[in-house]
Amino acid sequence: MTPLLQVRQLSKHFGSVTAVKSVSFDVPKGMCLGLLGPNGAGKTTTVEILEGISKPDSGEILYKGEALGKQFRDQAGIMFQSTALQEFITVAETLQLFSQLYSHTTPVSELIKSCSLHEFLDRDTRKLSGGQRQRLLLAIALINDPEIIFLDEPTTGLDPQARRNFWALIRSIKARNKTIIMTTHYMEEAYELCDEIIIMDHGEIIAQGTPKSLLARHYNDVILQLPLPGNLPDFTHTTGFQVQQQDTLLELRSSDVNSTLNQLLALGMSLDGLRIRERTLDDLFLELTGKEMRS
Amino acid sequence: MNWRRFLAVLVARNKEFLRDRAALSWNIMFPVLIVIGFAFAFSGGDNTEYKVGVVASDHNADNPFMQLNYIQFIPVDNPSLAQTKVSRHQLDMLIDLNNNRYWINDSSAKGYFLERLLNSSAHNRYSREMLTGPQIRYVDWLIPGVLGMNMMFSALYGVGYVIVRYRKNGVLKRLKATPLNALEFLSAQLASRLWLILAVVTIIYVGTNFFVNFIMHGNYLHLLAVFALGAFSMICLGLVVAARLRSEELADGMLNLATWPMMFLSGVWFSLDGLHPWVQKLGQVFPLTHITTAARAIMLDGASLGDVAGHLAILAVMSLIFLLLGAFLFRWE
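Residues numbered from 1 in each chain as written. Chains lettered and ligands numbered in written order. Predicted model: local features only at pLDDT ≥ 70, side-chain atom pairs only at ≥ 80, totals over all residues.

Asker: So what's going on with the overall build of chain A? Which residues, and what values?
Answerer: Within chain A, the secondary structure is distributed over ten helices and 14 strands. With the C-alpha coordinates of chain A rotated into their principal frame, the extents come out at 75 × 45 × 40 Å. Looking at chain A as a whole, 37% of its 295 residues qualify as buried. Long-range pairs, those at least 24 residues apart, make up 69% of the contacts in chain A with a sequence separation of at least 6. (Helix = DSSP H or I, 4+ residues; strand = E, 2+ residues; numbered from the N terminus. Buried ≥ 20, exposed ≤ 12 C-beta atoms within 10 Å, placed from the backbone. Contact = placed C-beta atoms within 7 Å.)

This is the structure we're talking about:
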């Protein structure tokens, strides 16, 4: 079966800066694809080209096997990173406005229910909280009953509670077999929501796969953390793990926990305060891009 | 052109305008305050000098009437214009020494005194011609200009500035992502602002007229037509300013650059007649000059649309140029 969206050799320059360099991927119907990358990696540029908002310098995008045309605007659901809404009109009127711009629409009452907008339906759009605002913007993205939905950093700036509420909304959209392409800064979000992730840096794809397969492919070890002891033992004769000294922590990367712990005990180290954690997308991200995600 | 989308944007824009109470009340109160303020400022202190227009050839300059003090004698080239001025109390008397005739206004006290002086001092008998007409106050002369100026600000800032703000804060980008096209968006902005300007101008006119009672010799529909075309041309000029800019500060600067010369060189506050010919020519470039002149001709002289067709034609051409330029240059981002 043809993937819903096919992206071939997409490139885009801004002056001398290459924002997107020869990017290709497929998005099958019903998938939630996450685009990750540090600021300036080319995520938003890529998404805006897919949305039809900006034009690529070269490359091709096929939607249902055909080149993107003007009618795509009628079919795609779009939520930008930051969007101001017209002022002095209420949430209900904003929905009304957007529903009249599309030829095929979801009933507004359904959107109000699915995005929980009923509490602030008559509120001026200027007076919405961050979470309410994002829910309204999501409702607008869903207003034309799209098969494919683009979400550009939908939860940036939300508090943890609002973020988790928003995740529930996205899961309910996924449950209706919609295709979602989202960018995010939050590894946890990508891990929770995305079926597949693409990590970008400097306009190029540097890793792609399901979150679990990416971790499995790059890591076969776990991380052991210990409080930094007063006298650092001599690690020159140990095997099977690497040691890294953080501010107040000793970090050990080990693929065999048993052997590592035995060696530590043999060196006479106390295991008080020992923590063991699995590798996360955060680690992978830092390793691949060499940058702090949240910076 | 999809009318459903056009209407949706139009309705949303109207609501935004009407609900921005602070801006709306300022939009209405500002011109009302100006007009009422000037009506009071110029209501009392008529200057005490007598003004007589004189049609004469050189040899009757020794006429004893002409030797009187405290009367300003003004040579007249165009007697029919001078008669109009008498009927408007802008001249107290017009005297034709060649044909021994004079004109005064039957409701002018100064005319009455001048007539007595003339009859007691002159050698000849003069035949008397009566003119009628109410006094034209400064405020009567001012109101067409103030209404035009209000339209100018409302159109340029309400369309020009607002579209730049929409572009900067992302409203335009979100709309671009819908099937809405630029023609639908721009014409909805234009239509919304046009009817709102005409409604506000009507409210200001009716409201101030209640206090000041303007002279209106022409047809109200003709006046409305002049204002409609004038507002249209100003909105189109606003579209040109709004076509590309992303910075509200730069837009503000450009709008100032457009509005300030118009405010002072379009004959809103004072007549351009006495100014340097170069300045008068410059004034013809501004749409506000043509709006003000045409509206004034209708209100004060009872002119018809046919009489001011020249100004209307210029406004129409300007509108067309601005509209094409604005539409051609327009970018969502």
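Asker: Talk me through the interface of chain A and chain B; I want residue IDs and the actual numbers.
Answerer: The extent of an interface is frequently quoted as the accessible surface area lost upon association of the parts. At the interface, 21 residues of chain A touch 18 residues of chain B. Mapped by element, the contributors of at least two residues to the side of chain A that touches chain B are helix 2 (72–75) and helix 3 (91–99) of chain A. Among the elements that take part in the side of chain A that touches chain B, helix 3 of chain A stands out by supplying three residues, more than any other. Across the side of chain A that touches chain B, the residue classes break down as eleven nonpolar, five polar and five charged. (Nonpolar A, V, L, I, M, F, W, Y, C, P; charged D, E, K, R; others polar.)

Asker: Go over the domain arrangement of chain A with me, naming the residues and quoting the values.
Answerer: Each assigned domain of chain A is listed here: domain 1 (5–216) and domain 2 (220–278). The distance between the C-alpha centroids of domain 1 of chain A and domain 2 of chain A comes to 42 Å. (Domains from an automatic or database assignment.)

Asker: Could you give an account of the domain arrangement of chain B, naming the residues involved and the relevant values?
Answerer: Looking at the assigned domains, one finds that chain B contains domain 1 (3–41 + 137–329) and domain 2 (50–131). Its C-alpha centre places domain 1 of chain B at a distance of 42 Å from the equivalent point of domain 2 of chain B.

Asker: Break down the sheet that holds strand 14 (residues 275–277) of chain A for me, with residues and values.
Answerer: Residues and elements named next belong to chain A. In spatial order, the strands read 12-13-11-14; together these four strands make up an open sheet with antiparallel pairing. A strand with exactly one partner marks an edge of an open sheet, and here the two such strands are strand 12 (241–245) and strand 14. The mean angle between the axes of side-by-side strands here comes to 20°, regardless of whether they run parallel or antiparallel. Alignment of strand 12 against strand 13 (residues 249–254), held across five bridges, turns out to be antiparallel. Across the sheet, residue Q245 finds its bridge partner in strand 13, namely L250. In the packing of helix 9 (residues 257–266) onto the sheet, the strands contacted are strand 11 (222–227), strand 12, strand 13 and strand 14, and the crossing angle to strand 13 comes to about 140°. (Pairing = 2+ DSSP bridges. Axes fitted to C-alpha atoms, helices over the stretch in contact; angles between N-to-C directions.)

Asker: Tell me about helix 11 (residues 287–301) of chain B, and name the residues and values.
Answerer: Here helix 11 of chain B contains 15 residues, and its C-alpha end-to-end distance of 21 Å stays within 8% of the 21 Å for a straight helix at 1.5 Å per residue. Within helix 11 of chain B, 14 of the 15 residues are buried, leaving the element largely enclosed by the surrounding structure. (Expected span 1.5 Å × (residues − 1).)

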